[in-house]
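# Structure assessment
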Amino acid sequence: MNLALLFEPSRALPLDSDQAAPGSLGERVAGYRAGAPFPADWATADIALLGVPEWRDETAPTDWADLAAAPPPFDPAGPDAIRRRLYHLTSGTGAWRICDVGNLRPGPTPADTAERLAEVVAVLRRHNVLALILGGTHTLTLGQHAGYEHDPADQPATETAGAGPAGAGRAAPVRGAVIDRASAAADRGPGPATWLRGLLLREPNHLATLAHLGSQRYHVSAAEATALDKMYFDVRRLGALHADLPAAEPLLRTADWLSVDVAACAHAAVPRPAAEASPFGLSAEQLCQLTWYAGHSRQLSSAGFYGYEPAPDPLGLGAMTLAVAAWYLIEGYYHRPAHVPTEAPDHYTRYDVPLAGSTETLIFYQHPQTGQWWLLVEPPVAAPHLLPCTEADYLTAARGEVPACWVQALARS
């Protein structure tokens with residue numbers, strides 16, 4: 001695929017590195033600048049940043065024929081506002097090999113744009129490049145996920161916990177993580193209210209697990225809450241995150257993709273239009289902590305920030321929040337652990353805990369430096385695999401109680 005045919009250059013990048021602030025990301029990021037050719041080294045980057053300014057799915061169209069006939073709008077103001085803030089920051093540790101490939105041209109319909117995004121995500125994954133997406137409506141998550149269904153035989157292996165190194169052939173199941181105040185699983189309404197339902201009903205369905213973080217009960221219907229519960233997905237409401245944010249880390253540690261709706265943030269962190277503004281939500285610091293956790297996932301290969309609009313954000317505070325959240329995700333990428341317990345057990349401390357009232361023994365691993373915990377799940381519960389967990393899960397087992405994460409693994413098997 002010739003990516004250059006799908007993208008427009010970003011005008012948020014400095015025209016050349018000499019115009020960027022000394023030591024800033026704008027000085028060192030390769031990118032598709034106005035008046036310059038498409039970057040030839042995108043395939044050797046660690047991370048590719050792309051804007052997807054698709055907003056037409058915000059409302060339910062009444063006449064798709066008219067929509068398809070009209071020229072698609074192209075306004076990259078949102079992605080470019082985040083870029084400007086990001087490129088004024090300095091780089092962290094690691095190589096920070098980042099390429100900005102510009103803004104994706106919209107297709108005739110929102111579904112066509114999502115298909116283009118899927119193709120781009122698939123191509124980047126094929127080259128082991130993490131896709132960092134700046135949307136656009138949250139419905140684009142469907143395209144982001146579909147990028148894991150394109151040409152599976154040609155994809156690099158997704159490293160499920162304990163499954164071995166990449167390159168051994170990609171497993172079909174996909175693990176997603178969503179940060180949003182609503183479930184987006186309604187059966188009718190505009191795209192942002194229904195996209196998750198569309199994802200859950202896909203055939204064939206490759207979604208193995210989903211972590212849903214930051215939901216607010218008054219934005220989730222009883223039917224939606226029941227549906228997620230029946231699927232044994234991991235749901236952490238906003239109150240639970242406020243009470244114990246580090247407990248979300250294991251849920252993000254093995255995500256293949258991350259999708260962030262800026263509506264999950266309080267208005268003080270990311271200003272929203274008046275009809276959607278809320279004083280409740282994640283703080284800027286909490287969002288950055290969550291993206292830092294996600295960046296550590298050794299199999300995370302795409303992350304999307306959706307829903308940012310610059311109009312209600314005259315001071316650019318929301319753009320700054322998302323820029324720093326992206327910065328922490330990138331920094332987390334360069335702090336990824338070199339191995340998991342099954343690959344290098346000598347680097348971990350092993351704890352064998354007999355399960356009360358059973359002949360089963362739960363095997364926990366803990367990394368002394370990172371503090372990360374894992375639980376080895378073995379037959380007959382499920383196929384052998386490592387389950388990310390917390391110290392609290394280990395202490396629960398040590399008290400003779402069954403940890404909730406083990407019950408979830410049993411329910412999914």
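What comes next is a walk through the structure. Remember, it's a predicted structure, so these values are computed and weren't measured experimentally. (Residues numbered from 1 in each chain as written. Predicted model: local features only at pLDDT ≥ 70, side-chain atom pairs only at ≥ 80, totals over all residues. Heavy atoms only, no water.)

Below, the discussion takes up the packing of aromatic side chains. Remark: the centre distance and the inter-plane angle together describe each pair of aromatic rings, the angle taken between the planes. Per the stated rule, a full pass over the model turns up 13 aromatic pairs. Seen in terms of ring centroids, F7 and F38 are 6.3 Å apart; in terms of plane orientation they differ by 35°. Their pairing is tilted. Placement of the pair is F7 in strand β1 (residues 7–8) and F38 in the loop between β2 (30–31) and β3 (47–52), with a sequence separation of 31 residues. F38 carries the same exposure label as F7, and that label is buried. Between W327 and Y328 the ring centres are 5.0 Å apart and the planes differ by 75°, which places this aromatic pair in the edge-to-face class. For W327, a relative accessible area of 17% translates into the label buried. By relative accessible area, which is 32% here, Y328 ends up partly exposed. Each residue in the set W96, W292, W327, Y328, Y333 and Y334 is aromatic and connected to the rest through ring pairs, giving one cluster. Here R253 stacks its cationic end above the ring of W374, 4.5 Å away from the centre of that ring. (Phe/Tyr/Trp six-rings, centres within 6.5 Å; stacked < 30°, edge-to-face > 60°. Helix = DSSP H or I, 4+ residues; strand = E, 2+ residues; numbered from the N terminus. Buried < 20%, exposed > 50% of the residue type's maximum accessible area, 1.4 Å probe, protein only. Lys NZ or Arg CZ within 6 Å of the ring centre and 35° of its normal.)

With that out of the way, let us pick up the pairing of strand β13 (residues 373–377). Counted residue by residue, β13 has 5 buried out of 5 residues, so it is predominantly covered. Burial of β13 is two-sided: the residues W373, L375 and V377 facing one way and the residues W374 and L376 facing the other way are all buried. Bridge analysis of strand β12 (residues 361–366) against β13 gives 4 bridges, and the strand direction is antiparallel. Paired with I363 across the strands is L376, a residue of β13. (Pairing = 2+ DSSP bridges.)

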